[in-house]
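# Observations on the three-dimensional arrangement
Residues per chain are reported as follows:
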Amino acid sequence: MNKLTRAEQKALRPAQILDAAFEEFIEQGYTAARVEDIAARVGVTKGTVYVYFPTKEILFSAMARHIALPFEDVLADAKDLTGSYAERLRSLILLFYEHVMGDRRTRELLRFAISEGVRFPQLINAHHVELIEPILAMTQALIDEGVRQGEFRDGPAAVARVILAPALSLIVETLMHDGRLDLETPRYIEAHLDLVMHGLAAARAG
């Protein structure tokens, strides 16, 4: 296996720092996390970290975007969905479970948001805008078009936040119990989909 050149090592450095920052922030919390400890995880000096990320807040923000790639994967994959609006919505919900709940680092980032959100609302609000709102907007657009085409009924259930809420609830339960309880995840997901599909289905003329 060829040793990386200095240029290749330098190119990898930001991602290495962000990976280390994630572990440090998750373990210690935002306030207690120290830049020198993040640097030590990578094997560089604190000054090297500041070359790439001038402040702790900038480092945290970059870390959150780095770790939250699964949210972007949901958006990217959702653009290729086909079929009826019900089929596309079902697939979109499954993508959310697969990419967000199925990724350990994304789950831990959500745990961090819950524990630190009250203390650092500006950080959490910024990433809600960047990560959550685009998924909600895409889901709402799909529902609205389904309503216009007569496939979904217009009513209280036709709200993206309500449609995705059970997925977030299961993620929170998973974080709380940390694998100690069998949450019957496949059955839960099927129940979620069943509620959504029946809740939105337009009445058939008859």
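Note that this is a predicted model, so its numbers are computed, not measured. Along each chain, numbering runs from 1 in the same order as the chain's sequence is written. Per-residue local features of the predicted model are confined to residues with pLDDT of at least 70, and side-chain atom pairs are confined, for both listing and counting, to 80 or more; whole-chain, interface and lining totals are unaffected and use all residues. Side-chain numbers come from the whole structure's heavy atoms, not from hydrogens or water.

### Notes on the overall build of the protein
Only DSSP runs of H or I with at least four residues qualify as helices, and only runs of E with at least two residues qualify as strands; both kinds are numbered from the N terminus onward. Looking only at helices and strands, the protein features 10 helices and 0 strands. Each helix and strand of the protein, ordered N terminal to C terminal, gives the series α-α-α-α-α-α-α-α-α-α. Along the first, second and third principal axes, the C-alpha set of the protein runs to 70 × 35 × 35 Å. Put simply, 71% of the contacts in the protein that link residues at least 6 apart link residues at least 24 apart. Looking at the protein as shown, the accessible area adds up to about 11700 Å², and 55% of this sits on carbon and sulfur atoms. When charges are tallied, Lys and Arg are placed among the positive residues and Asp and Glu among the negative ones, while His and the ends of the chain are skipped. For charged residues, the charge sits on one atom: NZ in Lys, CZ in Arg, CG in Asp, CD in Glu. Positive and negative charge centroids in the protein, built from 23 and 29 side chains respectively, lie 6 Å apart. Whether two residues are in contact is decided by their heavy atoms, any of which lying within 4.5 Å being enough. Computed by Shrake-Rupley with a 1.4 Å probe, the accessible areas treat only the displayed protein chains as cover when residues are assessed.

### Quick look at the packing of aromatic side chains
Any aromatic ring pair is given by two values, namely how distant the centres are and how the planes are angled relative to each other. When the centres of two rings from Phe, Tyr and Trp lie within 6.5 Å, Trp using its six-membered ring, the rings pair. Their planes under 30 degrees apart give stacked, over 60 give edge-to-face, and anything left gives tilted. The final tally for this structure, using the stated rule, is 4 aromatic pairs. Residues F25 and F60 carry aromatic rings whose centres are separated by 5.3 Å and whose planes lie at 90° to one another, so their mutual orientation is edge-to-face. On the criterion of sequence distance, the pair formed by F25 in helix α1 (residues 6–32) and F60 in helix α4 (residues 56–67) is long-range, its members being 35 residues apart. The burial state of F25 is the same as that of F60; both residues are buried. Accessibility here uses a 1.4 Å probe with only protein chains present; expressed as a share of the type maximum, an area under 20% marks a residue as buried, one over 50% as exposed, and anything in between as partly exposed.

### Examining a nonpolar patch on the surface
On the surface, I114, V172 and M176 cluster together into a nonpolar patch covering about 280 Å² of accessible area. With respect to the helices and strands, the residue V172 is situated in helix α9 (residues 160–177). Given a relative accessible area of 33%, V172 falls into the partly exposed group. Only residues whose relative accessible area exceeds 30% and that take part in no salt bridge are eligible for patches, with like-charged residues grouped when within 9 Å of each other and nonpolar side chains (Val, Leu, Ile, Met, Phe, Trp, Tyr) grouped when within 5 Å. One side-chain nitrogen of Lys or Arg within 4 Å of one carboxyl oxygen of Asp or Glu is enough to make a salt bridge.

### Here we look at the nonpolar core
Nine residue types can take part in a nonpolar core, namely buried Ala, Val, Leu, Ile, Met, Phe, Trp, Tyr and Cys, and a core is a set of them joined through side-chain atoms within 4.5 Å. The biggest cluster of nonpolar side chains holds 61 residues, and the ones touching the most others in it are F25, L59, M63, F71, L89, I93 and L200. Of all the elements, helix α6 (residues 85–101) adds the most residues to this core, at 9 residues. Once residues lying within four places of it in the same chain are set aside, the contact partners of L59 are I17, L18, A21, F25, I38, V49 and F53.

### Remarks on the UniProt feature "domain: HTH tetR-type" (unreviewed entry) in the protein
UniProt positions are given in the numbering used here, feature names are shortened, and annotations may be inferred rather than shown by experiment. UniProt records the feature "domain: HTH tetR-type" (unreviewed entry) at residues 11–71, using the numbering of this structure. Between the end C-alpha atoms of residues 11–71 there is a gap of 24 Å, over a span that is 85% helix and 0% strand.

### Some thoughts on the layout of surface pockets
The way it works is a 1 Å grid over only the protein atoms, where trapped points that fit a 1.4 Å probe form a cavity and open points with protein on both sides within 12 Å along at least five of seven lines form a pocket, and then any residue with an atom within 4 Å of a point lines it. Grid points are joined across faces, edges and corners, and a volume is the space filled by probe spheres set on the points. Approximately 480 Å³ is the volume found for the largest pocket. If one sorts the elements of the lining of the largest pocket by residue count, helix α8 (residues 121–148) sits on top with 8 residues. Here the residues of the lining of the largest pocket sort into 20 nonpolar, 2 polar and 1 charged. The residue classification treats Ala, Val, Leu, Ile, Met, Phe, Trp, Tyr, Cys and Pro as nonpolar and Asp, Glu, Lys and Arg as charged. All others, Gly included, are polar.

### Re the environment of E133
Here E133 is to be found in helix α8. Through-space distance from the C-alpha of E133 to that of R161 is 9.6 Å; in sequence the pair is 28 residues apart.

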